[in-house]
Amino acid sequence: MGKGGGCVPSKKKPSSIAADDSPTNAPPLPIDNNVAENAAVQSTSPPSISKLKILIVFYSMYGHVEGLARRMKKGVDGVEGVEAALLRVPETLPPDALEQMRAPPKDDGIPEISSAAELTAADGVLFGFPTRYGCMAAQMKAFFDSTGQLWKEQKLAGKPAGFFVSTGTQGGGQETTA
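Computed from a predicted structure; not experimentally measured. In this convention, every chain numbers its residues from 1, walking through the sequence in written order. With the structure being a predicted model, the display of local features is reserved for residues of pLDDT at least 70 and the display and counting of side-chain atom pairs for 80 or more, all residues being used for whole-chain, interface and lining totals. The side-chain figures draw on all heavy atoms in the structure; neither hydrogens nor water molecules are used.

Enquirer: Please give an account of the overall build of the chain that cites residues and values.
Expert: The way it works is that DSSP assigns letters per residue, a run of H or I at least four long becomes a helix, a run of E at least two long becomes a strand, and they are numbered from the N terminus. Across its full length, the chain carries six helices and five strands. Listing each helix as α and each strand as β along the chain from the N terminus yields α-β-α-β-α-β-β-α-α-β-α. Looking at the chain as a whole, 28% of its 178 residues qualify as buried. Accessible surface computed for the chain: about 12,700 Å², of which carbon and sulfur atoms make up 58%. Think of it in three bands: with a 1.4 Å probe and only protein chains considered, a residue is buried below 20% of the maximum accessible area for its type, exposed above 50%, and partly exposed in between. Throughout, the Shrake-Rupley method with a 1.4 Å probe supplies accessible areas, and for residues the shown protein chains are the sole cover considered.

Enquirer: Go over the pattern of salt bridges with me, naming the residues and quoting the values.
Expert: Salt bridges are identified by distance alone: a Lys or Arg side-chain nitrogen within 4 Å of an Asp or Glu carboxyl oxygen. Enumeration according to the criterion identifies seven salt bridges in this entry. Residue Glu66 pairs with Arg70 through a salt bridge whose shortest N-O separation is 2.9 Å. Residue Glu66 and its partner Arg70 are both found in helix H2 (residues 64-77); the two are separated by four residues, about one turn of the helix. Overall, the relative accessible area of 12% leaves Glu66 in the buried class. The partly exposed category is assigned to Arg70, whose relative accessible area is 38%.

Enquirer: Just give me the short version of H2, but keep the residues and values in it.
Expert: For a helix, the expected span equals 1.5 Å multiplied by the number of residues minus one. An ideal rise of 1.5 Å per residue puts 20 Å on 14 residues; H2 measures up with 20 Å between its terminal C-alpha atoms. Regarding H2, the residues found buried are Val65, Glu66, Gly67, Ala69 and Val76. Any two residues whose heavy atoms approach within 4.5 Å are treated as being in contact. Buried residues belonging to H2 abut strand E1 (52-58), strand E2 (82-88), strand E3 (124-132) and strand E5 (161-166).

Enquirer: Kindly report on the side chain of Gln139, identifying the contributing residues and their values.
Expert: Residue position: Gln139 is located in helix H4 (residues 138-145). Here Tyr59 takes part through its side chain, which lies 3.1 Å from a polar atom of the side chain of Gln139. Aside from chain neighbours lying at most four places away, what touches Gln139 is Tyr59, Met61, Val89, Pro90, Glu91, Thr92, Leu93 and Arg132. For this analysis, a polar contact is any N or O atom pair within 3.5 Å, provided that within protein one partner can donate a hydrogen and the other can accept it, and provided that sequence-adjacent residues contribute only side-chain to side-chain pairs.

Enquirer: Quick rundown of the pairing of E5? Include the residues and the values.
Expert: Only one face of E5 is covered, namely the one carrying Gly162, Phe164 and Ser166; the face carrying Ala161, Phe163 and Val165 has none of its residues buried. Across six bridges, the pairing between E3 and E5 is parallel. Residue Val125 lies in a different strand from E5, and its bridge partner there is Ala161. At least two bridges found by DSSP between two strands is the condition for calling them paired.

Enquirer: Account for a nonpolar patch on the surface, with residues named and values stated.
Expert: On the surface, Tyr62, Leu93 and Met101 cluster together into a nonpolar patch covering about 240 Å² of accessible area. Within the fold, Leu93 resides in the loop between E2 and helix H3 (95-100). Any residue with relative accessible area above 30% and no salt bridge may belong to a patch, with like charges joined within 9 Å and the nonpolar Val, Leu, Ile, Met, Phe, Trp and Tyr side chains within 5 Å.

Enquirer: Explain the nonpolar core to me, and be specific about the residues and the numbers.
Expert: Counting 20 residues, the largest nonpolar core has Leu55, Val57, Leu119, Val125, Phe127, Met140 and Phe143 as the members making the most contacts within it. Sorting the residues of this core by element identifies E1, E3 and H4 as the ones contributing at least two each. Excluding its chain neighbours within four sequence positions, the residues that come into contact with Leu55 are Ala85, Leu87, Glu118, Leu119, Ala122, Gly124, Val125 and Leu126. Think of a nonpolar core as a cluster: buried Ala, Val, Leu, Ile, Met, Phe, Trp, Tyr and Cys residues, connected wherever their side-chain atoms sit within 4.5 Å.

Enquirer: Can you lay out the packing of aromatic side chains for me, pointing to particular residues and giving the numbers?
Expert: Any pair of Phe, Tyr and Trp rings, taking the six-membered ring for Trp, is counted once the centres come within 6.5 Å. Such a pair is stacked with planes under 30 degrees apart, edge-to-face with planes over 60 apart, and tilted for the rest. Taken as a whole, this structure holds four aromatic pairs when the rule is applied. Aromatic pair Phe129 and Phe163: ring centres 6.2 Å apart, planes at 10 degrees, arrangement stacked. One end of the pair, Phe129, is in strand E3; the other, Phe163, is in strand E5, and 34 residues separate them in sequence. When its relative accessible area of 44% is taken as the criterion, Phe163 is described as partly exposed. Aromatic side chains Phe143 and Phe144 sit 6.1 Å apart centroid to centroid with 50 degrees between the ring planes, which places their arrangement in the tilted category. Through successive ring pairs, a cluster of aromatic residues spans Phe127, Phe129, Phe143, Phe144 and Phe163.

Enquirer: How would you sum up the confidence of the model for the chain? Please name residues and give values.
Expert: For every residue, the predictor assigns a confidence score, pLDDT, that lies between 0 and 100. Mean pLDDT over the chain: 81, with 72% of residues reaching 70 or higher. Under a pLDDT of 50 for its full length, residues 4-10 has, in the predicted model, three contacts with residues more than four places off or in other chains.

Here it is as structure tokens:
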């Protein structure tokens, strides 16, 4: 790219957009009084807008990602017109393995997502999971694998989504997990 050819306009070149680009010889637009009266009537009644629903779907063995998910929910709920719901991905490890790993019990106040089809009811989704050596946890991978039919049928196409990850060490794989 040469001088001034990038995204930022060159300071040396005058702007190609004039201060007043409105056509000088354009005919005036007719004003319909009925439209103005209808607009005034419509603006006095508040529109009934339903809240946008954001699902925060996460997996957390030791509670770290759950803490992040709760903070995400607090942030989403703080936006007017938006509400969040926390959903836990089902555990795949047997209870005795979790006990040997000293994993704390799961919060019964956060329901498990019953099926991937629940994602279609949301307006957006945030996914949270721990990083294990640069990969997502197997429990989350199993959940994502269960969404194949939804993608095949394009039921999630155009639905905004984001994710957040956590690990116990710096450089523990967040960048490769992302």
